[in-house]
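Single-letter residue listing:
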2 protein chains.
Amino acid sequence: MKSEKVNLKDKFELFNEYWTPKIVGELNGQQVKLAKLKGEFVWHDHKEEDEMFLVIKGSLQLEFRDKTITLNEGETYIVPRGVEHNPVAPEEAWVLLFEPETTRHTGKVKDKLTIENPDWI
Amino acid sequence: MKSEKVNLKDKFELFNEYWTPKIVGELNGQQVKLAKLKGEFVWHDHKEEDEMFLVIKGSLQLEFRDKTITLNEGETYIVPRGVEHNPVAPEEAWVLLFEPETTRHTGKVKDKLTIENPDWI
């Protein structure tokens, strides 16, 4: 485990790719990841893993089959395991993700956006 | 599991006690807690649990036996299991904690500050 102070905004300044989560910490089998999002992702779920979103900058829409939740800066939402969702960011959004280290961001869906092994940053 | 949008600052406005973590979410056996800190806590460790601090407002000093880490707004630090630490907040600080649901904030130390069963907020 790395044990260092992390300034979230400084870390976000280090990359520009969208939909490419970067790992900034891990604890208890969970990872803290940062992602820049813009546009529409892909419908997916995580069968065994709950996933938390915290918006650091901008705004994120979490589409579900029956509703859409809009998260602004300083707002969180936990997507329970097994629940299909699709993140959409009309403008660039900076998001902190909290999820098990086994989680792939597209779930079992293989998409051109899928990142198999996120990098530490 | 509750599944609702959480606005962190709104939740912080709901309580004023210091050193009294409130639960705002849980996922994968972990809990997300909010705490207002002011003054000095108590030296402790968590034998089996890593603990993440994210400062939402103000400034937090994490004292270790060999160093002190100062976290400002938007900064995180993960205290690895087994490492003694003592949080100190010279002025009021608002902190998000991420840790296993089994974690007691004073570790095995029983102190007048110990909260056995944090409330949801």
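You'll find the structure just up there.
What you see is a predicted model; the values in this text were computed from it and never measured.

Caption draft 1: Up close: the overall build of chain A. On a plain count of helices and strands, chain A comes out with one helix and eight strands. For chain A, the sequential pattern of α-helices and β-strands runs β-α-β-β-β-β-β-β-β. On C-alpha atoms alone, chain A measures out to a radius of gyration of 13 Å, which is about the 14 Å that the 2.2 N^0.38 rule sets for 121 residues. Overall, chain A is about 40 × 30 × 25 Å in size when its C-alpha atoms are taken along their principal axes. Looking at chain A as a whole, 39% of its 121 residues qualify as buried. Look at the contacts in chain A between residues 6 or more apart in sequence, and 65% of them connect residues 24 or more apart.

Caption draft 2: Layout of the relation of the copies chain B and chain A. Rotating chain B by 180 degrees and moving it 0.0 Å along the rotation axis overlays it on chain A with an RMSD of 0.0 Å. Within this description, the copies of the chain are treated as partners about a two-fold rotation axis. Both copies present the same face, since 100% of the interface residues in chain B are matched by interface residues at the equivalent positions in chain A.

Caption draft 3: Inspection of the pairing of strand E4 (residues 51–57) of chain A at higher detail. Residues and elements named next belong to chain A. For E4, the tally of buried residues reaches five of seven residues, placing the bulk of the element in the interior. Direction of pairing for E4 relative to strand E7 (residues 75–79): antiparallel, over a ladder of four bridges. Its bridge partner being in E7, Met52 is matched across the sheet by Ile78. In this structure, E4 lies alongside strand E8 (residues 85–100), joined through five bridges in antiparallel fashion. Bridge pairing in E8 places Phe53 opposite Leu97.

Caption draft 4: Region of interest: the environment of Glu40 of chain A. All names here are of chain A. Along the polypeptide, Glu40 turns up in strand E3 (residues 30–40). C-alpha separation for the pair Glu40 and Val88, spaced 48 residues apart in sequence, amounts to 4.4 Å. Ignoring any residue separated from it by four or fewer positions in sequence, one finds Glu40 in contact with Asn86 and Val88.

Caption draft 5: Layout of the environment of Trp43 of chain B. Relative to the helices and strands, Trp43 of chain B is located in the loop between strand E3 (30–40) and strand E4 (51–57). Setting aside anything within four residues of it in sequence, one finds Trp43 of chain B in contact with Glu84 and Asn86 of chain B.

Caption draft 6: The nonpolar core, seen in detail. Grouped together as the largest cluster of nonpolar side chains are 54 residues, with contacts concentrated most on Phe53 and Val95 of chain A together with Phe53 and Val95 of chain B. Beyond its immediate stretch of four places on either side in the chain, Val95 of chain A contacts Ala35, Leu37, Phe53, Leu54, Val55, Ile56 and Leu60 of chain A.

Caption draft 7: Spatial organisation of the interface of chain B and chain A. Contact residues are listed per partner, giving 25 residues for chain B and 25 residues for chain A. The set of elements that each furnish at least two residues to the side of chain B that touches chain A consists of strand E1 (6–7), helix H1 (8–12), strand E2 (22–27), E3, strand E6 (68–72), strand E7 (75–79) and strand E8 (85–100) of chain B. Broken down by element, the residue count for the side of chain B that touches chain A peaks at four residues, all from E7 of chain B. For the side of chain B that touches chain A, the per-class residue count stands at 13 nonpolar, seven polar and five charged. The sheet contact formed by E7 of chain A and E1 of chain B spans two bridges and is antiparallel.

Definitions and cut-offs
- Residues numbered from 1 in each chain as written.
- Chains lettered and ligands numbered in written order.
- Predicted model: local features only at pLDDT ≥ 70, side-chain atom pairs only at ≥ 80, totals over all residues.
- Helix = DSSP H or I, 4+ residues; strand = E, 2+ residues; numbered from the N terminus.
- Rg over C-alpha atoms; globule rule 2.2 N^0.38 Å.
- Buried ≥ 20, exposed ≤ 12 C-beta atoms within 10 Å, placed from the backbone.
- Contact = placed C-beta atoms within 7 Å.
- Least-squares fit on C-alpha atoms with pLDDT ≥ 70 in both.
- Pairing = 2+ DSSP bridges.
- Core = buried A, V, L, I, M, F, W, Y, C linked by C-beta atoms within 7 Å.
- Nonpolar A, V, L, I, M, F, W, Y, C, P; charged D, E, K, R; others polar.

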